[in-house]
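Results of the structural survey
Here is what each chain is made of, one letter per residue.
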Amino acid sequence: MIKNRKELLGAALFLGSGLFLGILSLRLHLWGRLGPTEGFFPLLTAGVIVVASLVVLVRSLDGSRPRSETREPLQGGGRSESPSRVWSYSFLLLFYGLLLEPVGFIIVTPCFLTVALRFVERQSWRRTVLIGLASIVISYLLFSRFLGVPLPRGLLE
Amino acid sequence: MLDNLILGFHVALSFSNLALCFLGCLLGTVIGILPGLGPVPTIAMLLPLTYKLDLTSAIIMLSGIYYGAQYGGTITSILLKIPGEASTIVSCFDGYQMALQGRGGKALGIAAFGSFIAGTFGTIFLGLLAPVLSQVALMFGPPEYAALMTLGLTLVVYLGRGSVPKAIVMGGVGLALSTIGMDPMDGMERFTFGSIYLMDGINIATLGMGIFGIGEILYMAEGGENRSARDIVTRPRNMKELLPDKNEWRRSAMPIARGSITGFLLGILPGGGALLASFGSYAMEKKLSRHPEKFGGGAIEGVAGPESANNAATSGAFIPLLTLGIPSNVVMALVAGAFILHGVIPGPLIIKDHPQVFWGIVASMYVGNIILLVLNVPLIRLFVKIIEVPYAILSPLIIMICIIGAFSINNNPMDVLSMLIFGGLGFLMRKFDYDAAPLLLAFILGPILEKSIYQSLVISHGSPLIFFTRRISMCLVAAILLMIFSPLFGRWRNRRRARGGSMQEKPLA
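Note that the structure is a prediction, hence the values are computed from the model and not measured.

Cut-offs used in this document
- Residues numbered from 1 in each chain as written.
- Chains lettered and ligands numbered in written order.
- Predicted model: local features only at pLDDT ≥ 70, side-chain atom pairs only at ≥ 80, totals over all residues.
- Heavy atoms only, no water.
- Axes fitted to C-alpha atoms, helices over the stretch in contact; angles between N-to-C directions.
- Helix = DSSP H or I, 4+ residues; strand = E, 2+ residues; numbered from the N terminus.
- Left-handed = near helix turned anticlockwise from the far one by under 90°.
- Contact = heavy atoms within 4.5 Å.
- Nonpolar A, V, L, I, M, F, W, Y, C, P; charged D, E, K, R; others polar.
- Buried area = accessible area lost by both parts, 1.4 Å probe.
- Salt bridge = Lys/Arg side-chain N within 4 Å of Asp/Glu carboxyl O.
- Polar contact = N/O pair within 3.5 Å; in protein donor to acceptor, adjacent residues only side chain to side chain.
- pLDDT = per-residue confidence, 0-100.
- Parallel < 35°, antiparallel > 145°, perpendicular 65-115°, else oblique.
- 1 Å grid on protein atoms, 1.4 Å probe; cavity = no way out; pocket = protein on both sides within 12 Å on 5 of 7 lines; lining within 4 Å.
- Points joined across faces, edges and corners; volume = space filled by probe spheres on them.
- Buried < 20%, exposed > 50% of the residue type's maximum accessible area, 1.4 Å probe, protein only.

In this section: the packing of helix H15 (residues 330-341) of chain B against helix H20 (residues 437-459) of chain B. All names here are of chain B. The contact between H15 and H20 brings their axes to 9 Å, and the two run at 30 degrees. Here the hand of the crossing between H15 and H20 comes out left-handed. Contacts from Val330, Ala333, Leu334, Ala336 and Gly337 of H15 reach H20 at Ala437, Leu440, Leu441 and Ile444. Here the residues of the contact of H15 with H20 are counted per class, giving 8 nonpolar, 1 polar and no charged.

What follows deals with the interface of chain B and chain A. Accessible area lost on assembly of the parts is the figure often given for the size of an interface. Listed per partner, the contact involves 73 residues of chain B and 70 residues of chain A. Both sides of the chain B and chain A interface together cover about 6,500 Å² of buried area, and 72% of this is carbon and sulfur. When residues of chain B are sorted by the area they lose upon contact with chain A, B:Met400, B:Ile404 and B:Phe432 head the list and together hold 9% of the total. A salt bridge links A:Glu7 to B:Lys166; the nearest nitrogen and oxygen atoms lie 2.9 Å apart. At the junction of chain B and chain A, the tally comes to 5 residue pairs in polar contact (both at pLDDT 80 or more). Contributing elements (two or more residues each) for the side of chain B that touches chain A: helix H8 (164-178), helix H10 (204-223), helix H18 (391-410), helix H19 (413-431) and H20 of chain B. The greatest single-element share of the side of chain B that touches chain A, amounting to 13 residues, is contributed by H18(B). Looking at side-chain class alone, the side of chain B that touches chain A contains 44 nonpolar, 14 polar and 15 charged residues.

Bringing the confidence of the model for chain B into the picture now. Residue and element names in this part refer to chain B. Overall, the prediction assigns chain B a mean pLDDT of 81, with 89% of residues at 70 or greater. Note on residues 227-233: pLDDT is under 50 here. Beyond four places in sequence and across chains, it has 21 contacts. Taken together, the chains of this predicted complex give a pTM of 0.77 and an interface ipTM of 0.87.

So, on to the packing of helix H4 (residues 55-80) of chain B against helix H13 (residues 301-316) of chain B. Residue and element names in this part refer to chain B. At a minimum axis separation of 9 Å, H4 and H13 run at an interaxial angle of 160 degrees. For the element pair H4 / H13, the angle class is roughly antiparallel. Where H4 crosses over H13, the handedness of that crossing is right-handed. Along its contact with H4, which presents Tyr66, Tyr67, Gln70, Thr74 and Ile78, the element H13 presents Val303, Glu307, Asn310, Asn311 and Thr314.

Another point: the layout of surface pockets. In this structure, the second largest pocket occupies an estimated 1,200 Å³ of space. Taken together, 39 residues form the lining of the second largest pocket, with A:Val48, B:Thr150, B:Thr154, B:Ile480 and B:Ile484 sitting closest to its centre. Sorting the residues of the lining of the second largest pocket by element identifies helix H2 (40-62) of chain A together with helix H7 (142-159), H8, H20, helix H21 (466-469) and helix H22 (471-505) of chain B as the ones contributing at least two each. The element contributing the most residues to the lining of the second largest pocket is H2(A), with 9 residues. Across the lining of the second largest pocket, the residue classes tally to 32 nonpolar, 5 polar and 2 charged.

Here the focus is the side chain of B:Ser289. Residues and elements named next belong to chain B. Counting through the fold element by element, serine 289 comes out in the loop between helix H12 (273-288) and H13. Looking at serine 289, the relative accessible area reads 19%, which means it is buried. Side-chain polar atoms of serine 289 contact the backbone nitrogen of histidine 291, separated by 3.0 Å.

Structure follows, in structure tokens:
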């Protein structure tokens with residue numbers, strides 16, 4: 001039942017997306033004097049998504065189990081889920097992404113690595129500092145010097 | 001062909017390209033060793049960095065990563081029974097058993113040598129077949145291209161992993177994402193919601209890094225995956241332990257030869273690639289073996305054949321991309337992305353307009369195979385240590401690389417935000433059990449498919465019969481219909497047989 005609830009939710013999500021795309025496509029021109037115009041292909045695509053999502057939805061309501069990916073856990077045992085880690089990483093990602101340019105690589109990256117390694121992944125302070133320092137130096141040399149990627153200087157400008 | 005090969009080697013053996021090939025093989029092997037991370041997220045993460053390189057160098061490095069990752073996955077499959085990459089799952093069956101018997105080094109050695117031989121074979125065939133096929137491709141017009149793209153997407157959906165309706169949904173989502181930006185025929189804005197950023201469409205690098213990099217990290221974070229150091233069954237202590245003996249070579253020779261041919265041919269098929277090649281080879285070797293009962297218990301043929309097949313498939317996979325412009329699997333879709341980012345459309349004109357690119361890539365694949373052999377055989381002990389690095393340390397580092405990579409595309413924080421959004425999508429896709437491969441392929445093929453359909457319908461004044469009246473297009477459409485309806489026909493026939501059987505069993509009144 002739990003698996004079918006996930007199937008149902010996933011199918012509903014994509015069905016909704018397909019319908020949304022269809023509505024947006026209908027607002028565009030579908031056909032011109034010479035043939036199809038900008039709305040035609042997206043509408044066709046929306047139709048494909050809606051029909052396929054409906055099939056998945058019906059199967060999940062039916063209780064039948066579709067052939068699913070064989071993504072067995074890479075290590076033995078079942079997979080225990082920890083949504084709090086997902087939220088932690090999501091917030092960290094958002095802050096890192098948003099602050100990278102205004103604050104700068106040299107400041108933001110050590111902060112991100114410290115919080116991620118020490119507080120999310122619960123590594124020791126020694127390990128956190130060593131890995132953080134090594135990563136920043138290596139990535140700075142690799143990206144900025146070797147590959148010529150300009151890293152944002154932010155507040156150090 | 002000899003002149004072209006000389007040109008190719010001249011390009012591939014330049015110091016910078018050699019260094020990039022070496023770097024690609026090394027990075028690919030290191031990343032391929034890490035379970036869950038394979039060539040796809042690695043190439044996705046490093047794609048933005050290839051902006052700074054010229055096209056030939058970029059493809060050389062990405063190709064090195066591809067076959068480096070194949071071998072990296074083999075190391076963990078054999079020594080830990082943890083497949084580092086999907087196509088190396090098969091090596092777990094007999095390779096791990098060989099490791100338990102103290103023959104892990106031989107398994108790794110035969111995998112390395114078999115991969116080298118198969119890769120060499122694949123490279124030669126690529127050089128021979130691609131120019132011929134590109135001439136055929138020049139006969140393709142818009143209806144043929146539309147039909148071919150559709151066939152490619154159909155094959156990916158039906159031959160890929162997971163449920164078919166879900167794969168179709170993913171294909172649809174990929175096509176939908178490809179429509180964001182400007183319409184390819186009239187240049188009209190679509191689904192940009194007034195954003196200047198979206199007018200250029202979605203960037204393949206942010207999509208790939210988001211779905212395969214960030215999405216995977218979030219999924220691993222949710223699962224609390226924190227590999228502890230596993231006892232490695234056997235570590236090869238010296239070079240001698242890696243070299244198979246005469247008997248093992250004799251038993252491996254034909255599996256390597258068969259694997260090379262099978263792998264190359266299967267690699268050409270969209271949706272096929274290394275995964276199909278390795279499983280196909282294993283099944284074939286077991287069937288042909290005089291002692292099939294030994295398979296699963298440490299038969300060296302069970303490692304030699306599949307490992308050769310998956311490496312030959314990497315060469316075969318380049319054929320549709322370099323001749324028809326169609327990526328046959330997700331990795332090739334990302335490589336196609338690299339071409340597009342450099343302003344070159346992969347397809348039949350590559351050999352004619354950019355011969356140094358094509359022949360440079362062919363020659364670099366041969367050089368890459370030598371580098372892999374030289375690199376991996378003595379460094380296996382070092383690579384094995386990398387397996388012991390827990391995800392708790394790797395995850396933040398991968399995030400850092402992805403974010404820097406995304407930012408470096410255009411020095412635009414919107415690319416980072418875009419990647420994070422796709423990361424969320426990738427995570428949800430993993431949660432709901434949707435395979436990302438059809439999405440990425442459809443995203444790459446979408447603009448070509450749309451343009452081909454539009455042009456076809458303009459030529460035919462709106463009539464869809466154009467797809468059925470041109471010979472090549474008609475054959476391709478027939479193949480699509482066969483792919484779609486043959487499983488349904490098979491199921492209907494089985495149901496009839498079952499009903500017929502149950503009626504015969506009913507007692508007579």
